[in-house]
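Tertiary structure, described
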Amino acid sequence: MTAETKKAKEGNFAAAVTVGAIAGVFLGPVWGDIVAGILAGYLAGGSIVRGALAGFIAGILGGLILGLVILVAIPFVQPFLQQVLGPLTALLYILPLLPVIFSLKAALFMTLGGVIGALLAKYL
């Protein structure tokens, strides 16, 4: 196997992680995480470890992206929620931590999907 053939079979790891993270954000919990992991693992190609690692990193990255989006959106919705929540509005800044915590769940499911995707890339 030449170096060019091996490189083509391995796929692009950075693209796999990026696509997996974006897909994980848009597809939603559990089944979306697994599908995004399969996509990341398939794009990473190469070996099972490579697919699992792509899925894991994509899951963590997707949770961090969602947390940042929520953190940026809080100042825009805070005036509207201040009338409803009153003095508890300051707790809204804890809200971005939830996607980061739940990204661990996403990372586990996307790791599983990454293994499946790597196996598909290897045998298809």
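What comes next is a walk through the structure. (Residues numbered from 1 in each chain as written. Predicted model: local features only at pLDDT ≥ 70, side-chain atom pairs only at ≥ 80, totals over all residues. Heavy atoms only, no water.)

A look at the packing of helix α2 (residues 13-27) against helix α4 (residues 48-85)
Contact geometry of α2 with α4 gives a least axis separation of 7 Å together with a crossing angle of 45 degrees. The angle between α2 and α4 places the two elements in the oblique class. Crossing of α2 over α4 shows right-handed handedness. For the pair formed by α2 and α4, the contact residues are Phe-13, Ala-16, Val-17, Gly-20, Ala-21 and Val-25 on the first element and Arg-50, Leu-53, Ala-54, Ile-57, Ala-58, Leu-61, Gly-62 and Leu-66 on the second. Looking at the contact of α2 with α4 residue by residue, the classes come out as eleven nonpolar, two polar and one charged. (Axes fitted to C-alpha atoms, helices over the stretch in contact; angles between N-to-C directions. Helix = DSSP H or I, 4+ residues; strand = E, 2+ residues; numbered from the N terminus. Parallel < 35°, antiparallel > 145°, perpendicular 65-115°, else oblique. Left-handed = near helix turned anticlockwise from the far one by under 90°. Contact = heavy atoms within 4.5 Å. Nonpolar A, V, L, I, M, F, W, Y, C, P; charged D, E, K, R; others polar.)

Quick look at helix α3 (residues 31-44)
For α3, which comprises 14 residues, the first-to-last C-alpha distance of 20 Å matches the rise-based estimate of 20 Å (1.5 Å per residue) to within 8%. All of the buried residues along α3 are Gly-32, Asp-33, Ile-34, Ala-36, Gly-37, Ala-40, Gly-41 and Ala-44. Gly-45 sits one or two positions beyond α3 and adopts a positive phi of about 60 degrees. (Expected span 1.5 Å × (residues − 1). Buried < 20%, exposed > 50% of the residue type's maximum accessible area, 1.4 Å probe, protein only.)

Looking at the nonpolar core
Of all hydrophobic cores here, the largest spans ten residues; its members are Ala-16, Val-17, Ala-21, Ala-23, Ala-36, Ala-40, Ala-44, Ala-54, Ala-58 and Met-110. Mapped onto this core, the elements with two or more residues apiece are α2, α3 and α4. No other element matches α2, which puts four residues into this core. Excluding anything up to four places from it in sequence, Ala-36 contacts Gly-20, Ala-23, Gly-24, Leu-27 and Met-110. (Core = buried A, V, L, I, M, F, W, Y, C linked by side-chain atoms within 4.5 Å.)

Things to note about the layout of surface pockets
Within this model, the largest pocket holds a volume of roughly 250 Å³. Around the largest pocket, the lining is made up of 17 residues, and of these Gly-24, Asp-33, Leu-66, Lys-105 and Ala-106 lie nearest the centre. Of all the secondary-structure elements, those providing two or more residues to the lining of the largest pocket are α2, α4 and α5 (97-123). Per element, the largest residue contribution to the lining of the largest pocket is seven residues, and it comes from α5. Class assignment for the residues of the lining of the largest pocket results in nine nonpolar, six polar and two charged. (1 Å grid on protein atoms, 1.4 Å probe; cavity = no way out; pocket = protein on both sides within 12 Å on 5 of 7 lines; lining within 4 Å. Points joined across faces, edges and corners; volume = space filled by probe spheres on them.)

Here we look at the environment of Gly-28
Position of Gly-28 relative to the elements: it lies in the loop between α2 and α3. Its relative accessible area of 18% is what places Gly-28 among the buried residues. Considered as a pair, Gly-28 and Leu-124 are 96 residues apart in the sequence and their alpha carbons are 27 Å apart.

With respect to α4
With 38 residues, α4 should cover 56 Å at 1.5 Å per step; its first-to-last C-alpha distance of 48 Å lies more than 12% under that length. At Gln-78, α4 is deflected by roughly 55 degrees, the largest bend along its length, and proline Pro-79 occurs up to four residues later in sequence. Residues of α4 that are buried: Gly-51, Ala-52, Ala-54, Gly-55, Ala-58, Gly-59, Gly-62, Gly-63, Gly-67 and Ile-74. Elements that come into contact with the buried residues of α4 comprise α2, α3 and α5. At the C-terminal side of α4, Gly-86 shows a positive phi close to 65 degrees. (Bend = angle between axes of the 7 residues up to and from the residue.)

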